Amino acid sequence: MVGWQLSGTYGTASGVVRWDRFGNPEGEPLVLLHGTPFSSLVWRDVGRALAAHHQVYVWDMPGYGCSERAEGQDLSLAAMGRVFAGLLGHWNLTDPLVVAHDSGGAVALGAHLLHGAGYRRLALVDAVSLPPWGSPFSRLVGEHAHVFEQLPLPVHAALVREYVDSASGPGLAPAVLDALTAPWLGEEGRAAFYRQLVQRLDDRRYTDVMQDRYGTIDLPVLVCWGEQDTWVPPARGRELASRIPGARLRLLPGAGHLAPVDAAAELATALFAFLHDVHGPHPPNDLT
């Protein structure tokens, strides 16, 4: 997983964000959002596939990846929505294309619905958006983080690896699993891992409030979902697509919750068709 580095910085109330952009400088801006407990690295293959036609922007949310991690950070979805809206302003982006995975979906939706961020098109991939969400594991750990924080580092590392790997349908390649779990290892990583899970416990109220606004979304939306997603079942994707006027749904066979990794080529193809308003050989809406 060599060659994925974020060179830009942006200061926020929740900590310093690391970000970068690459691809076609003449292409339409495309912003990619990661989810929990991941980083922008999940977009490595999809981002590079779309970079020939787009200037691709990626970032690690505060508390994740190579962005700042510190005690006392506000890592709530509400805070991340504000951070993202501010980051778009920092980049001087008006109505970019946006693709968001997992809790990044809630962040993108919140920035748009609550903070006035404009997008030209929005794709939501296995998105945190409708209750109930969050795996039984994440709820258990969040409720008892003070206990899990005492785990010996090797036991903690094994737990994190199993948890992250469970997000994949076919299972992650060792190098990918190493890269995605690396930020959560060691004493600092262990504290950061349980810190973000604790804050996710209160975030369900955030999506409870937002779900009543999905019917007001007035832009093209694509909902993509891994058919083997055990973290947020495909039925949630069908419901989300049904709540957003005109939204299309695309299911990805064989992919789990980590669809950007499990089905990078198929997802990139579906995203390209949607972002460029080109209907491929597949029906535009899997709801039918």
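Residues numbered from 1 in each chain as written. Predicted model: local features only at pLDDT ≥ 70, side-chain atom pairs only at ≥ 80, totals over all residues. Heavy atoms only, no water.

What to know about the pairing of strand 8 (residues 248-252)
Piece 1. Most of strand 8 is tucked away: five of the five residues are buried.
Piece 2. In the sheet, strand 7 (residues 221-226) pairs with strand 8 via five bridges, with the strands oriented parallel. Bridging across to strand 8, leucine 222 finds its partner in arginine 248.
Piece 3. Note on the crossover from strand 7 through helix 10 (residues 234-243) to strand 8: the handedness is right-handed. (Buried < 20%, exposed > 50% of the residue type's maximum accessible area, 1.4 Å probe, protein only. Helix = DSSP H or I, 4+ residues; strand = E, 2+ residues; numbered from the N terminus. Pairing = 2+ DSSP bridges. Right-handed = clockwise from strand over helix to strand, strands pointing away.)

So, the packing of aromatic side chains
Piece 1. In the structure shown here, the tally under the stated rule is 13 aromatic pairs.
Piece 2. Relative to phenylalanine 84, the ring of tryptophan 59 has its centre 5.6 Å away and its plane inclined at 5 degrees; by these criteria the two rings are stacked. Taken together, the positions of tryptophan 59 in strand 4 (residues 54-60) and phenylalanine 84 in helix 2 (residues 77-90) put the pair 25 residues apart, joining distant regions of the chain. Here the two residues tryptophan 59 and phenylalanine 84 agree in accessibility, since each one is buried.
Piece 3. Taking 5.1 Å as the distance between ring centres and 80 degrees as the angle between the ring planes, the aromatic pair formed by phenylalanine 193 and tyrosine 194 counts as edge-to-face.
Piece 4. Phenylalanine 193 sits in the buried class, given a relative accessible area of 0%.
Piece 5. For tyrosine 194, a relative accessible area of 0% gives the class buried.
Piece 6. Seen from the ring of phenylalanine 274, arginine 121 lies directly overhead, with NZ or CZ sitting 5.1 Å from the centre. (Phe/Tyr/Trp six-rings, centres within 6.5 Å; stacked < 30°, edge-to-face > 60°. Lys NZ or Arg CZ within 6 Å of the ring centre and 35° of its normal.)

Some points on the packing of helix 2 against helix 3 (residues 103-115)
Piece 1. Look at helix 2 against helix 3: their axes get within 8 Å of each other, and the N-to-C directions meet at 65 degrees. One finds that helix 2 runs roughly perpendicular with respect to helix 3. In the crossing of helix 2 with helix 3, the sense of the turn from one axis to the other is right-handed. Contacts from Leu77, Ala78, Met80, Gly81, Arg82, Phe84 and Ala85 in helix 2 reach Ser103, Ala106, Val107, Ala108, Ala111 and His115 in helix 3.
Piece 2. When its residues are assigned to classes, the contact of helix 2 with helix 3 shows nine nonpolar, three polar and one charged. (Axes fitted to C-alpha atoms, helices over the stretch in contact; angles between N-to-C directions. Parallel < 35°, antiparallel > 145°, perpendicular 65-115°, else oblique. Left-handed = near helix turned anticlockwise from the far one by under 90°. Contact = heavy atoms within 4.5 Å. Nonpolar A, V, L, I, M, F, W, Y, C, P; charged D, E, K, R; others polar.)

Focus: the layout of surface pockets
Piece 1. Taken as a whole, the second largest pocket holds about 180 Å³ of empty space.
Piece 2. Together, Trp4, Gln5, Leu6, Ser39, Ser40, Leu41, Asp60, Gly65, Cys66, Ala179, Ala182 and Pro183 line the second largest pocket.
Piece 3. Tallied by class, the residues present in the lining of the second largest pocket amount to seven nonpolar, four polar and one charged. (1 Å grid on protein atoms, 1.4 Å probe; cavity = no way out; pocket = protein on both sides within 12 Å on 5 of 7 lines; lining within 4 Å. Points joined across faces, edges and corners; volume = space filled by probe spheres on them.)

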